[in-house]
Amino acid sequence: KCTPFSDGPEKYIGKLIKVKSVQGKSELRLTWIMPDISEYRHLLPFDLISHFLGYEGKGSLTSLLKRKGWIMGMASGDQERFNGSSSIILKCKLTD
């Protein structure tokens, strides 16, 4: 069975890839696993990352993707830590 990027992600850098949902969902979720940064929690690193990913102002990723007609909205945040690591999740509400 062929899976997305099974022939290596390098081939797809700089390419627009269109996929069709098999479940009729119009949401894209991206998750990045982060190392345990609990000792830096007081610096609010996840808040900073979430702010940059979710910012909707001029020049932002959200405004660019909306202008291209690819998304209706985007939100991000941190997930529970597990096994000494944390994760950042980015949710995009896709257009049809």
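Residues numbered from 1 in each chain as written. Predicted model: local features only at pLDDT ≥ 70, side-chain atom pairs only at ≥ 80, totals over all residues. Heavy atoms only, no water.

Attention now moves to the overall build of the protein. Helix and strand content of the protein: two helices and three strands. Secondary structure elements in the protein, listed N-terminal to C-terminal, are β-α-α-β-β. Within the protein, the fraction of its 96 residues that count as buried is 22%. Taking contacts inside the protein between residues at least 6 apart in sequence as the whole, the part at least 24 apart equals 52%. Total accessible area on the protein stands at roughly 7800 Å², and carbon and sulfur atoms take up 57% of it. (Helix = DSSP H or I, 4+ residues; strand = E, 2+ residues; numbered from the N terminus. Buried < 20%, exposed > 50% of the residue type's maximum accessible area, 1.4 Å probe, protein only. Contact = heavy atoms within 4.5 Å. Areas by Shrake-Rupley, 256 points an atom, 1.4 Å probe, with all protein chains shown as cover.)

Attention now moves to unusual backbone geometry. Although it is not a glycine, Leu 44 sits at a positive phi angle of roughly 55 degrees. Relative to the assigned elements, Leu 44 resides in the loop between strand S1 (27–35) and helix H1 (45–54).

Counting residues in each nonpolar core, the largest one holds nine residues, listed as Ile 37, Phe 46, Leu 53, Leu 65, Ile 71, Met 74, Ile 88, Leu 90 and Cys 92. Residue assignment for this core shows that the elements contributing at least two residues are H1, strand S2 (71–82) and strand S3 (85–94). Per-element accounting of this core gives the leading share, three residues, to S3. Filtering out sequence-adjacent residues up to four positions away, Met 74 remains in contact with Leu 53, Glu 56, Leu 61, Thr 62, Leu 65, Leu 90, Lys 91 and Cys 92. (Core = buried A, V, L, I, M, F, W, Y, C linked by side-chain atoms within 4.5 Å.)

The next point concerns the confidence of the model for the protein. In the predicted model, the protein carries a mean pLDDT of 79, and 82% of its residues have values of at least 70. Across the protein, the element-wise mean pLDDT spans from 79 in S2 up to 92 in helix H2 (residues 61–67). (pLDDT = per-residue confidence, 0-100.)

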